[in-house]
Amino acid sequence: MATDKMRLRIVTPKNVKFDGDADMVILRCVSGDMGVLPRHETYSAVLDSGALRILNNKEDRKIVLSGGLAQIRDNTVTVLTNDAQWPEEKEGNV
């Protein structure tokens with residue numbers, strides 16, 4: 001049985017923090033959390049500061065964003081943010 005995936009790209013002015021597959025993405029929007037599954041309709045959202053969750057192959061990863069914008073289109077979630085940090089990254093080493 002093939003699993004249904006979508007692509008997630010998290011882009012900062014410095015680099016691409018994530019570019020890979022996901023089963024589900026949970027965005028922290030200014031209007032509340034929003035879950036995105038594969039084949040979601042085209043949508044744009046303003047992101048609040050906080051954790052973005054990436055669920056893939058039963059793994060749940062979190063990355064902290066400093067707000068930004070998200071665009072969902074063609075089975076791809078593109079996140080543009082000024083800063084994004086994985087929990088294991090230390091302040092100032094981004």
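Everything below is about the structure shown above.
Source: prediction; values computed, not measured. (Residues numbered from 1 in each chain as written. Predicted model: local features only at pLDDT ≥ 70, side-chain atom pairs only at ≥ 80, totals over all residues. Heavy atoms only, no water.)

Participant: Help me out: how do you make sense of the pairing of strand S3 (residues 24-29) in this one?
Facilitator: On a regular strand, one side chain projects to one face of the sheet and the next to the other, so that they alternate. In the sheet, S3 pairs with strand S5 (residues 43-56) via four bridges, with the strands oriented antiparallel. Opposite Val25, over in S5, you have Ile54 as the bridge partner. Sheet topology note: the S3/strand S4 (residues 32-36) ladder contains five bridges and is antiparallel. Each bridged residue has a counterpart across the sheet, and for Val25 the counterpart in S4 is Val36. Hairpin connection, S3 to S4: the antiparallel pair is bridged by two residues. (Pairing = 2+ DSSP bridges. Helix = DSSP H or I, 4+ residues; strand = E, 2+ residues; numbered from the N terminus.)

Participant: Where do I start with the pairing of strand S6 (residues 59-73) in this structure?
Facilitator: Judged from the 13 bridges that link them, S5 and S6 form a sheet pairing that is antiparallel. Across the sheet, the residue bridging to Ser44 is Gln71, located in S6. With antiparallel pairing between neighbouring strands as the criterion, S5 and S6 make up a hairpin whose turn holds two residues, including Asn57 at a positive phi of roughly 50 degrees. Where S6 lies against strand S8 (residues 84-85), two bridges are found, and the strand directions are antiparallel.

Participant: Explanation requested: the side chain of Lys17 in the structure shown.
Facilitator: Counting through the fold element by element, Lys17 comes out in strand S2 (residues 16-22). What makes Lys17 buried here is its relative accessible area of 12%. A distance of 3.3 Å separates the side chain of Lys17 from the backbone oxygen of Ala84, its partner in a polar contact. (Buried < 20%, exposed > 50% of the residue type's maximum accessible area, 1.4 Å probe, protein only. Polar contact = N/O pair within 3.5 Å; in protein donor to acceptor, adjacent residues only side chain to side chain.)

Participant: Looking at this structure, I do not really get the nonpolar core. What am I missing?
Facilitator: In a soluble, globular protein the nonpolar side chains are often hidden away together inside. Formed by 22 residues in total, the largest nonpolar core has its most connected members in Leu8, Ile10, Leu27, Leu52, Ile54, Leu65 and Val79. Of all elements in the fold, only strand S1 (6-11), S2, S3, S4, S5, S6 and strand S7 (76-80) reach the threshold of two or more residues within this core. Ignoring anything within four residues of it in the chain, the contact list for Leu52 reads Leu8, Ile10, Val25, Ile26, Leu27, Arg61, Lys62, Ile63, Leu65 and Val79. (Core = buried A, V, L, I, M, F, W, Y, C linked by side-chain atoms within 4.5 Å. Contact = heavy atoms within 4.5 Å.)

Participant: Please explain the pattern of salt bridges as it appears in this structure.
Facilitator: Side-chain pairs of opposite charge can arise whenever the charged atoms involved come near each other. Under the defined criterion, the tally for this structure stands at eight salt bridges. Across the salt bridge formed by Asp4 and Arg39, the nearest N and O atoms sit 1.8 Å from each other. In this pair, Asp4 sits in the segment before S1 while Arg39 sits in the loop between S4 and S5, placing the two residues 35 residues apart along the sequence. Three or more residues are tied together by salt bridges with common partners; here these are Arg7, Arg9 and Asp19. (Salt bridge = Lys/Arg side-chain N within 4 Å of Asp/Glu carboxyl O.)

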